[in-house]
Amino acid sequence: MNCTKSAGQRTKNTVFNRKQWQSINLCIKTLEKASKIEDLFVINSLHYEALKGDKQGIESVRVNDQYRIEFTTSKVVSETVITICNILELSNHYK
């Protein structure tokens, strides 16, 4: 899969420490290595989910107990492209 980053809106400035950045980068590399979205289903630590409600069409994986990465997937020719939309703090996840 091919990962791209979206220039999404940020509601607050978040400063990530080194360990958090390492976890975020590891998650992004895992997304990049997946050849299809189904590859993410079997990696239990990611807690992959397709979101519902006002976030329908967005998918997410868990970075750690505090953060998730929200992304969209689309097909471009025969390749699945993941666009990272947001790195979301879980305390705000259900608001």
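This is a predicted model, so every value here is computed, not measured.

1. What to know about the overall build of the chain
In terms of regular secondary structure, the chain is built from two helices and five strands. The contacts in the chain between residues at least 6 apart in sequence include a share of 41% that link residues at least 24 apart. When the accessible surface of the chain is split by element, carbon and sulfur atoms take 50% of a total near 6600 Å².

2. Notes on the side chain of S60
Secondary-structure assignment places S60 in strand β3 (residues 59–62). A distance of 2.8 Å separates a polar atom in the side chain of S60 from a polar atom in the side chain of R68. Ignoring sequence-local partners within four residues, the contact set of S60 consists of H47, Y48, E49, L51, R68, I69, E70 and F71.

3. Remarks on the nonpolar core
Residues L40, V61, I69 and F71 are the most contacted members of the largest nonpolar core, which totals 16 residues. Secondary-structure elements contributing two or more residues to this core are α1 (18–33), β4 (67–76) and β5 (79–89). No other element matches the four residues that α1 contributes to this core. The contacts of L40, once residues within four sequence positions are left out, are T30, L31, A34, L46, Y48 and F71.

4. Some thoughts on α1
Look at α1: 22 Å from first C-alpha to last across 16 residues, which is about the 22 Å you get at 1.5 Å a residue. One side-chain oxygen at the N-terminal end of α1 lies 3.0 Å from the backbone nitrogen of K19; it belongs to N17.

5. A short note on the environment of G57
Topologically, G57 is positioned in the loop between β2 (49–50) and β3. Judged by its relative accessible area of 53%, G57 falls in the exposed class. Along the sequence, G57 and F71 sit 14 residues apart, while their C-alpha atoms lie 8.9 Å from each other. Those residues within four positions of G57 in sequence are excluded, and the remaining contacts are L51 and T72.

Conventions we followed
- Residues numbered from 1 in each chain as written.
- Predicted model: local features only at pLDDT ≥ 70, side-chain atom pairs only at ≥ 80, totals over all residues.
- Heavy atoms only, no water.
- Helix = DSSP H or I, 4+ residues; strand = E, 2+ residues; numbered from the N terminus.
- Contact = heavy atoms within 4.5 Å.
- Areas by Shrake-Rupley, 256 points an atom, 1.4 Å probe, with all protein chains shown as cover.
- Polar contact = N/O pair within 3.5 Å; in protein donor to acceptor, adjacent residues only side chain to side chain.
- Core = buried A, V, L, I, M, F, W, Y, C linked by side-chain atoms within 4.5 Å.
- Buried < 20%, exposed > 50% of the residue type's maximum accessible area, 1.4 Å probe, protein only.
- Expected span 1.5 Å × (residues − 1).

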